[in-house]
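Spelled out, the chains give:
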Amino acid sequence: MSNFFPALICGLFCYLGAIEAFNPVGTTGSFYCLGRPLVAGLIVGLAFGDVTNGILCGVAVQAVFIANLSTGGATNSEITYASYGGIGLAMASTKDPALAVTLAVLVGNTFGLIFYNLRMAFYSVFNNKALEAAEKGDGHGITIWHMIVPQICTFLLRFVPTFAAILLGEGLVNTLAANAPELITHIIGVLGGVLPALGIGMLMNIVIKDKIQLVFFFFGFVLLAFGKLDTIPVVFIAAVVAYIYYLATSKAAAAAPAGSTQSADAAYEDADLF
Amino acid sequence: MANNEEPLVKRADGKKGLTKHDLNQLWYRWNFGWFSSSSYEKLESHGFAWSYIPFAEKFYKNDPEGKARLLTRHSQFYNTEPQVGTVINGIVAALEEGIALGDDIPEEMPTSVKTALMGPLAGLGDSVIQGIIVPTLLSIGMSLASNGSPAGPIFYIISWLVIGVAVSYGMFRYGYKMGLGAIDTLVGEKSMRLMDAINVLGIIVVGTLAAGKVAVSTVVQIPYGTEMGALQDTLDGVFPGLLALIVTMVTWWMLNKKQWSATKVLLVLTAAVIVLCCIGFL
């Protein structure tokens, strides 16, 4: 029971960092801030009294979840359960970043998604009540069925499982980690390095709209892999490249009538399909 | 400084419109409660209605039917990116203000505006926020935190909150000020070119993420003359990060060309790692 207080904090922040939670600065402060593994690493680290290891776990998990996407209410992985459940459990046991990644992916893609989808299916009941209230012009009714009742349910759905998992899961994770054969530990370590490719692949899917743009992707890769540059100078270089790109496209747009370039593009894309 | 109790826009007919306080409240309540009761059926619908409760109390005090109609029309299905999408909230605030003060605006207008704009702005907002700004700031934060330093998370918290709140509030006020004209500027040719350029920055940052965060190395030993040496050392000498690049490109190919779901790709990657570890390659 030594983890009572950290488990409490993890459970609480698993609620505060949720996309649907009350937060003074809205989703900007919850889902996009407290819900990110990088931030969760700091908070969980503080709760366990070991900030350095917490942040190292947070950085490792963040790499996998760099492209957590929530579009149309559907999500590929429940990032908040993954952050606080995964990093919390790892901090309660071995504090190993690779284990944190495996646990976070496991929690986010199974338990997290199950709880998330349960809520998204079940809250239709509350929506109907809120609509009835709106039709009567009853503002208080909307507050009850849109805010109060759903928030209580959300709090329970997020706090209880995370709190219980960290309080009770410590022994289980420790036993498994201590008794796992070397091959399994090795696989977990390798997975921690490979899984970030999933998040990065999903980001590529969003930002690369034309295959020719892979040039910029390789440019970034080479700056880091061969140039051994740090991320911060690369962001500055990237900003300059983006500015030059903007100037160049502005000139091109001024030189050529928009209609002709568009039809040429369309023909090119058609040929590209097969 | 404009007084908080004075309407922002002076109307010719002398009626009192939205004050700065009213507007801030509309924005703040949207931010606070936009997703609270979300379900797959209604998503952000009731968040919109909830943000209009003080507005309804103020402008429809003596008109319960008008109030019910207002709250009902804002309980219809609605879903967009909540931060960039506040431009819609701003436009709708201008329209609702006009309706409440008796201007010649049909009551269906806010609903059709919301329905028409939520899709395009969700696309724009998701690619800017989730695709570029957040990953770029996170990658800087991760690099500052790579030795376990709290500077990384703290950098992300501060920089993101400043940018995120500025975008959300700025878009809202812009939408209110410009009305429907805001959309022409947002999807206009110049802003699309700017978006393309910002996108280039995003792609370069994604490239650095692939090089910095994907870590794959082989444990295979190959003969160097009479001695055995690590294949990885040779690879590093020729092309550092080659295996990471291959893994990333294959993952992207599965997502993009094969159109596999993220869950399926996750399972494939896990299975591949297990097999390659068992045969002693990784």
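Residues numbered from 1 in each chain as written. Chains lettered and ligands numbered in written order. Predicted model: local features only at pLDDT ≥ 70, side-chain atom pairs only at ≥ 80, totals over all residues. Heavy atoms only, no water.

Please clarify how the interface of chain B and chain A should be interpreted in this entry.
One frequently used descriptor of interface size is the decrease in accessible area upon assembly of the parts. In this assembly, 106 residues from chain B lie in contact with 107 residues from chain A. When the area that chain B buries against chain A is broken down by residue, the three leading residues are B:Tyr40, B:Gln130 and B:Trp252, summing to 8%. Put simply, chain B and chain A have zero salt bridges between them. The interface formed by chain B and chain A contains 22 residue pairs in polar contact (both at pLDDT 80 or more). When residues of the side of chain B that touches chain A are traced back to their parent elements, those giving at least two are helix H1 (20–33), helix H2 (45–51), helix H4 (64–73), helix H6 (109–144), helix H7 (151–178), helix H9 (189–213), helix H11 (242–256) and helix H12 (262–278) of chain B. The element best represented in the side of chain B that touches chain A is H9(B), accounting for 20 residues. (Contact = heavy atoms within 4.5 Å. Buried area = accessible area lost by both parts, 1.4 Å probe. Salt bridge = Lys/Arg side-chain N within 4 Å of Asp/Glu carboxyl O. Polar contact = N/O pair within 3.5 Å; in protein donor to acceptor, adjacent residues only side chain to side chain. Helix = DSSP H or I, 4+ residues; strand = E, 2+ residues; numbered from the N terminus.)

What should I look at first to understand the domain arrangement of chain A in this one?
Domains assigned within chain A are domain 1 (4–207) and domain 2 (209–256 + 266–274). Taking only C-alpha atoms into account, the centre of domain 1 of chain A sits 34 Å from that of domain 2 of chain A. (Domains from an automatic or database assignment.)

Sorry, what's going on with the state of the cysteines here?
Per the counting criterion, the structure on display carries zero disulfides over all chains. The cysteine A:Cys57 is free of any disulfide, with A:Cys10 supplying the nearest cysteine sulfur at 11 Å. Note on B:Cys277: no disulfide assigned, nearest cysteine sulfur contributed by B:Cys278 at a separation of 6.9 Å. The class for B:Cys277 is buried, based on a relative accessible area of 5%. (Disulfide = S-S within 2.5 Å. Buried < 20%, exposed > 50% of the residue type's maximum accessible area, 1.4 Å probe, protein only.)

What exactly am I supposed to notice about the pattern of salt bridges here?
Pairing is possible between side chains of opposite charge, provided their charged atoms come close. All names here are of chain B. In the structure shown here, the tally under the stated rule is twelve salt bridges over all chains. Of the charged contacts in the structure, one is a salt bridge between Asp 103 and Arg 11, with a shortest N-O distance of 2.8 Å. With Asp 103 in the loop between helix H5 (86–100) and H6 and Arg 11 in the segment before H1, this pair connects stretches of sequence that are 92 residues apart. Between Glu 96 and Arg 73 there is a salt bridge, with its nearest N and O atoms 2.7 Å apart.

Quick question: what am I supposed to make of the packing of helix H12 (residues 231–255) of chain A against H9(B) here?
In a pair of packed helices, the angle between the axes and the distance between the axes together describe the arrangement. Relative to each other, H12(A) and H9(B) sit at 150 degrees, their axes nearing to 8 Å. The two elements H12(A) and H9(B) cross, and the hand of that crossing is right-handed. Taken together, the residues of H9(B) that come into contact with H12(A) (itself represented by A:Val234, A:Val235, A:Ala238, A:Ala239, A:Val241, A:Ala242, A:Tyr245, A:Tyr246, A:Thr249, A:Ser250 and A:Ala253) are B:Glu189, B:Lys190, B:Arg193, B:Leu194, B:Asp196, B:Ala197, B:Val200, B:Leu201, B:Ile204, B:Val205 and B:Thr208. The residue makeup of the contact of H12(A) with H9(B), split by class, is 15 nonpolar, three polar and four charged. (Axes fitted to C-alpha atoms, helices over the stretch in contact; angles between N-to-C directions. Left-handed = near helix turned anticlockwise from the far one by under 90°. Nonpolar A, V, L, I, M, F, W, Y, C, P; charged D, E, K, R; others polar.)

What exactly am I supposed to notice about the confidence of the model for chain A here?
Detailed reading of the predicted coordinates is not advisable wherever pLDDT is low. In the predicted model, chain A carries a mean pLDDT of 86, and the fraction of residues at 70 or more is 90%. Confidence drops under a pLDDT of 50 for residues 258–274 of chain A, and excluding neighbours within four residues, the segment shows two contacts in the predicted structure. (pLDDT = per-residue confidence, 0-100.)

What exactly am I supposed to notice about the nonpolar core here?
In a soluble, globular protein the nonpolar side chains are often hidden away together inside. Among the nonpolar cores identified, the biggest contains 157 residues, and A:Phe217, B:Tyr52, B:Leu121, B:Tyr156 and B:Trp160 are the most heavily contacted of them. Broken down by element, the residue count for this core peaks at 14 residues, all from H6(B). Both domains that meet at this core, namely domain 1 (4–207) and domain 2 (209–256 + 266–274) of chain A, each give it at least three residues. Leave out the neighbours within four places in its chain, and A:Phe217 touches A:Met204, A:Ile208, B:Ile203, B:Val206, B:Gly207, B:Ala210, B:Leu245, B:Thr248 and B:Met249. (Core = buried A, V, L, I, M, F, W, Y, C linked by side-chain atoms within 4.5 Å.)

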